[in-house]
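Below are the chains, spelled out letter by letter.
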Amino acid sequence: MAERVYFDWNATALLRPQARQALLDALALTGNPSSVHAEGRAARHLIEHAREDVAQLVGARPAGVIFTSSGTEANALALSSAIETANEKRPRDRLFMSAIEHSSVRASGRFPREAIEDIPVDADGRLKLAALAEALGRASRPLVSIMLANNETGVVQPVAEAAAIVHAAGGLLHVDAVQAAGRIPCDVAALGADLVTLSAHKIGGAKGAGALVRAGDDIHFPDPLIRGGGQERGLRAGTENVAGIAAFGAAAAAARRQLADEAAQMLAMRSLLEEGLGAISPQAVIFGAGAERLPNTTLFALDGVNAETAIIALDLEGVAVSSGAACSSGKVQPSHVLDAMGVSASLLRGAVRVSLGWTTTQADVARFLGAWRKVSGALSRSSKQQRGIAA
Ligand code: PLP
């Protein structure tokens, strides 16, 4: 049987060999990182080493890194109205977020529903900066959350421009960089971010580790989500996931070293894929095509082809892709991202996300295109028959 082609890297990436080794080495250690004896100190050493590697991936200070269980938890921790800085101890009065944020940001942390406002995006899925500036006029101490790259479309957001607007309005900026890290440069200072969320398993680490990175020394959370033993400077209690964190560090170091090469390789493969797709399905729409996108992501739809059916058919052909919005229950929900971009209901139902990775080869792309030719032909024919159009 032919090997499967994995094109769902935005859901989760492959475990990097360096991360696998770090994971296994850490699992062989016994110590609790809070213990003072040699075993404990060895575990602590792994965590602090990983903290340096994760910090370096985004050009931050190691002391700014708070390890969490996931990107989801880091987002939940970040979105606190009680967040304090040296100059501002009063609660943040409003939370603004782009209309295309991941569900873990959309859940809005510890902000009350009535304090949340969406900022619209344009037809290519890019944040409307003028709308952000206008909205911030309605708040005095805003917290703003904008993702660096969207998980469905891959569209890169104008974060540095947004940061200037947010700071001019006295606000703080949280950036969900879960999909962008390791794929495009992601530097806290260049972005102007105050807080950055990362997730280990999207950059080649193991599932179950994430980080919230604070750019400055002066950002405090008086209301941590999990209290107890005081780990992570009191911001995230619980004995650390030593192996997961060690693997996260190893993945971050590898991702940083190989960023330029991997991005170039992914972009070359993605270009081949989009060319082939255009030749097979000239009517296919690639969402966000007019904007800067991550080098690995293509979200497309073909009118009359239902995404769920296409994904199952591609799976049977040995190709793993997803709909725009992967959902934990496995059910495909209509995408709030495409909805925010004003995509028509019929196209919205057909959005298929193909996301590549650093091991993707031309042969993988060819396999996908072969499978797509077969599946799209069959599905368009049956859709036309259902609508009574001669195929
Ligand atoms: N933010 C974005 C943009 C994501 O794509 C995801 C996961 O898909 C998350 C946050 C959540 O990360 P995790 O899977 O580590 O909880």
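Please read all numbers here as calculations on a predicted model, not as lab measurements.

Asker: Please give an account of the environment of Asp118 that cites residues and values.
Answerer: Along the chain, Asp118 turns up in strand S4 (residues 116-119). Judged by its relative accessible area of 38%, Asp118 falls in the partly exposed class. Between the alpha carbons of Asp118 and Ala135 there is a distance of 9.0 Å; along the sequence they are 17 residues apart. Setting aside residues up to four positions removed in sequence, Asp118 forms contacts with Met97, Ala99 and Arg106. A distance of 2.9 Å separates the side chain of Asp118 from the side chain of Arg106, its partner in a polar contact.

Asker: Residue-level account of the site of the ligand, with values.
Answerer: Near the ligand there are 14 residues, and of these Gly71, Thr72, Asp176, Ser199 and Lys202 occur at the shortest range. In the environment of the ligand, an oxygen atom lies 2.8 Å from a nitrogen or oxygen atom belonging to the side chain of Gln179. Contacts to the ligand include Ser199, whose side-chain N or O atom sits 2.7 Å from an oxygen atom. In the complex, the protein chains occlude 88% of the 390 Å² of accessible area that the ligand would expose alone.

Asker: Tell me about the sheet that holds strand S3 (residues 94-98), and name the residues and values.
Answerer: Spatially, 7 strands are ordered S2-S8-S7-S6-S5-S3-S4 in an open sheet, and the strand pairing comes out mixed. Because the sheet does not close on itself, it has two edges, and the strands there are strand S2 (65-68) and S4. Geometrically, the sheet is characterised by an average inter-axis angle of 20 degrees between neighbouring strands, direction not taken into account. With 5 bridges connecting them, strand S5 (residues 142-147) and strand S6 (residues 172-176) associate as parallel partners. Across the sheet, Met147 pairs through a bridge with Asp176, a residue of S6. Together, S2, strand S7 (195-199) and strand S8 (210-214) form the strand contacts of helix H2 (residues 38-57), whose direction differs from that of S2 by roughly 115 degrees. The strands that helix H6 (residues 159-168) touches are S5 and S6; relative to S6, the one it contacts most, it runs at about 155 degrees.

Thresholds applied
- Residues numbered from 1 in each chain as written.
- Predicted model: local features only at pLDDT ≥ 70, side-chain atom pairs only at ≥ 80, totals over all residues.
- Heavy atoms only, no water.
- Helix = DSSP H or I, 4+ residues; strand = E, 2+ residues; numbered from the N terminus.
- Buried < 20%, exposed > 50% of the residue type's maximum accessible area, 1.4 Å probe, protein only.
- Contact = heavy atoms within 4.5 Å.
- Polar contact = N/O pair within 3.5 Å; in protein donor to acceptor, adjacent residues only side chain to side chain.
- Near = heavy atom within 4 Å.
- Areas by Shrake-Rupley, 256 points an atom, 1.4 Å probe, with all protein chains shown as cover.
- Pairing = 2+ DSSP bridges.
- Axes fitted to C-alpha atoms, helices over the stretch in contact; angles between N-to-C directions.

Any functional reading would require information beyond the geometric quantities listed.
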